[in-house]
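Coordinates in review
For reference, the chains in residue letters:
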Amino acid sequence: AQSVSQHNHHVILSEAASLELGCNYSYGGTVNLFWYVQYPGQHLQLLLKYFSGDPLVKGIKGFEAEFIKSKFSFNLRKPSVQWSDTAEYFCAVRSGSARQLTFGSGTQLTVLP
Amino acid sequence: NAGVMQNPRHLVRRRGQEARLRCSPMKGHSHVYWYRQLPEEGLKFMVYLQKENIIDESGMPKERFSAEFPKEGPSILRIQQVVRGDSAAYFCASSPQRGTNTGELFFGEGSRLTVL
C-alpha cells in the first residue's frame, strides 16, 4: 500500500525565514501530488498540485514545490514566510487508478512575528 | 456558499449512542469521500462513494461504521454504538465526475465528534 511521509511534525520559523517542508511517498508508478493547507478553524485548501510536465510547480501565496521522481519527493518551499502562513500543511498522493488521496500526517507550521 | 457543507460542525455523544454526520457535496459534484483525522495524526481515508454506490470502503472499520450517498440528499456517515476512540474530526470531500476531474478534492470544514 502506498504511504506518504512528512518528517517534520512541527516547524517554528520567524517571519521572512525560508521554508522547506519535506514529503516523500512510496509508490513506483504514476502519481499525482498535492499540498493542502489547513488554517486554524478552516477547511483544507489546495495550495498546489503536480500532474505532469514541469516538475517545479507554483501555487498560491508564493508557495512552490518540486517533484523529484528519483527521490520520491515533493517538497514544499517558500522563500519568505509570513505570520499568516501559520497553519497545518498536508502532502497527499494519488496513485494509479485510485480516486482518493493518501495524506501524510501533516506539518504544523508556526511563524513568529 | 457553494462549497462542501458538513453538519453538524460539533457533535457530542455518550458511549453507546449513534452519531450521524452529513455531507452535501459541491454543486455538480457526484463523488464524495470521507476522511477521519485523529489527534496528532493525518487524514485517513475511510470511504469513497458515488450516488447510490459505495466505490471503495477499504478504510472503513469493519463494525459500527457505515456510509451512504442516496440519489437525493446528502451523504451520511453513520457510527453506531460510539466509543471514546471514535472521537475525531470527520472530513468530507467531493470531486466532479470522471472526465472533468482536475484531481483536486474539495473539502468541507469537518464535523468534530466527541464521545463522552
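Refer to the structure above for everything that follows.
Residues numbered from 1 in each chain as written. Chains lettered and ligands numbered in written order. Predicted model: local features only at pLDDT ≥ 70, side-chain atom pairs only at ≥ 80, totals over all residues. Heavy atoms only, no water.

Considerations on the sheet that holds strand 7 (residues 65–68) of chain B
Residues and elements named next belong to chain B. Taken in spatial order, the four strands line up as 1-3-8-7 in an open sheet, and their pairing is antiparallel. In this open sheet, the two strands that pair with only one neighbour each are strand 1 (5–7) and strand 7. The average angle at which neighbouring strand axes cross in this sheet is 15 degrees, direction not considered. The pairing of strand 3 (residues 19–24) with strand 8 (residues 75–79) spans five bridges and is antiparallel. By the bridge assignment, L21 is partnered in strand 8 with L77. (Pairing = 2+ DSSP bridges. Helix = DSSP H or I, 4+ residues; strand = E, 2+ residues; numbered from the N terminus. Axes fitted to C-alpha atoms, helices over the stretch in contact; angles between N-to-C directions.)

Considering unusual backbone geometry
With an omega of 0 degrees, the peptide bond running from N7 of chain B to P8 of chain B counts as cis. Residue position: P8 of chain B is located in the loop between strand 1 and strand 2 (10–13). Even without being glycine, F72 of chain A reaches a positive phi, approximately 50 degrees. Looking at where F72 of chain A falls in the secondary structure, it is placed in the loop between strand 8 (64–68) and strand 9 (73–78). Given a relative accessible area of 35%, F72 of chain A falls into the partly exposed group. (Buried < 20%, exposed > 50% of the residue type's maximum accessible area, 1.4 Å probe, protein only.)

Comments concerning the nonpolar core
Ranked by internal contacts, the top residues of the largest apolar core, which has 28 residues, are L33, W35, L47, L48, F74, L76 and Y89 of chain A. Mapped by element, the contributors of at least two residues to this core are strand 2 (10–14), strand 3 (19–21), strand 5 (31–38), strand 6 (44–50), strand 8, strand 9, strand 10 (87–95) and strand 12 (107–112) of chain A. Setting aside anything within four residues of it in sequence, one finds L33 of chain A in contact with Y25, L48, K49, Y50, F67, F74, A92 and V93 of chain A. Counting 22 residues, the second largest nonpolar core, distinct from the first, contains L11, C23, W34 and V82 of chain B. (Core = buried A, V, L, I, M, F, W, Y, C linked by side-chain atoms within 4.5 Å. Contact = heavy atoms within 4.5 Å.)

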